[in-house]
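Each chain, letter by letter, is given below.
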Amino acid sequence: MADLSIDQKKLPGVKEVCRDFAVLEDHTLAHNLQEQEIENHLASNIQKSRLVQYDLQVAKRMQDEEDKRARMRNQRRQRDIVHSDNEIAQEIQEQLVKQALDKRQQEEKDEAIARRLHEKELKEERKRKKQLQDVPYEDRYYEDNGGTLALKAVGFLLPGTSFNTALRDASVLQLHRNVSNVHLLY
């Protein structure tokens, strides 16, 4: 083997070697601490990311539930509105039916009154015709002092009726009676 010789003069001293070793050791320790810090920071980031994802899922689920409750409230409110509208419409319909019935009843009453009045007028007309027929034709008229002709038949000449109107009515009645007599002949 070859003799290697170490020059003792160029060798560092123990203190220098200890110092260099301490620096190297500090560097290694700092590097290890930095690696741990990076790993801890990375692990913390991963944990935070997972927590955020979980929180997002929980928040989404809670929002979905709240949306569902809001939809149910809206549907309930809409059903209540529809129900209320139906009740109001039913009340209005009942009022309209009642008004129509009341109107129909009033119309029937009015028709009955009109029929009775018409029957009464017909009876009065028949009564006047009969009274007029009971009086001989020649005796039906007389001339009063003022030169006005009037019917002698009781109740035929109404107050305010002119002579011309009374005369025309009497002529119509006489004509009607003559026509009736002609019909009887056939």
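Everything below is about the structure shown above.
My aim in this report is to walk through the structure given alongside it, one point at a time. (Residues numbered from 1 in each chain as written. Predicted model: local features only at pLDDT ≥ 70, side-chain atom pairs only at ≥ 80, totals over all residues. Heavy atoms only, no water.)

A few points about the overall build of the protein
In step 1: Looking only at helices and strands, the protein has two helices and two strands in total.
In step 2: Every one of the 186 residues in the protein was classed for burial, and the buried ones make up 7%.
In step 3: Long-range pairs, those at least 24 residues apart, make up 31% of the contacts in the protein between residues at least 6 apart in sequence.
In step 4: Accessible surface, the protein: about 16,900 Å² in total, of which carbon and sulfur atoms supply 56%. (Helix = DSSP H or I, 4+ residues; strand = E, 2+ residues; numbered from the N terminus. Buried < 20%, exposed > 50% of the residue type's maximum accessible area, 1.4 Å probe, protein only. Contact = heavy atoms within 4.5 Å. Areas by Shrake-Rupley, 256 points an atom, 1.4 Å probe, with all protein chains shown as cover.)

With respect to the pattern of salt bridges
In step 1: Counting across every chain of the model gives eight salt bridges.
In step 2: R19 serves as the salt-bridge partner of D20, at 3.9 Å between the closest nitrogen and oxygen.
In step 3: What makes R19 exposed here is its relative accessible area of 51%.
In step 4: Residue E125 is joined to R128 by a salt bridge in which the shortest nitrogen-to-oxygen separation is 3.2 Å. One end of the pair, E125, and the other, R128, are both in helix α1 (residues 14-134), three residues apart, so they sit about a helical turn from each other.
In step 5: Each member of the salt-bridge network shares a partner with another, and the members are E66, R69 and R73. (Salt bridge = Lys/Arg side-chain N within 4 Å of Asp/Glu carboxyl O.)

Topic: a nonpolar patch on the surface
In step 1: On the surface, I88, I92 and L96 cluster together to form a nonpolar patch covering roughly 260 Å² of accessible area.
In step 2: Tracing the backbone through its elements, the reader meets L96 in helix α1.
In step 3: The exposure class assigned to L96 is partly exposed, which follows from its relative accessible area of 46%. (Patch = residues over 30% accessible without salt bridge, like charges linked within 9 Å, V, L, I, M, F, W, Y side chains within 5 Å.)

Shape is all these values report; function is a separate question.
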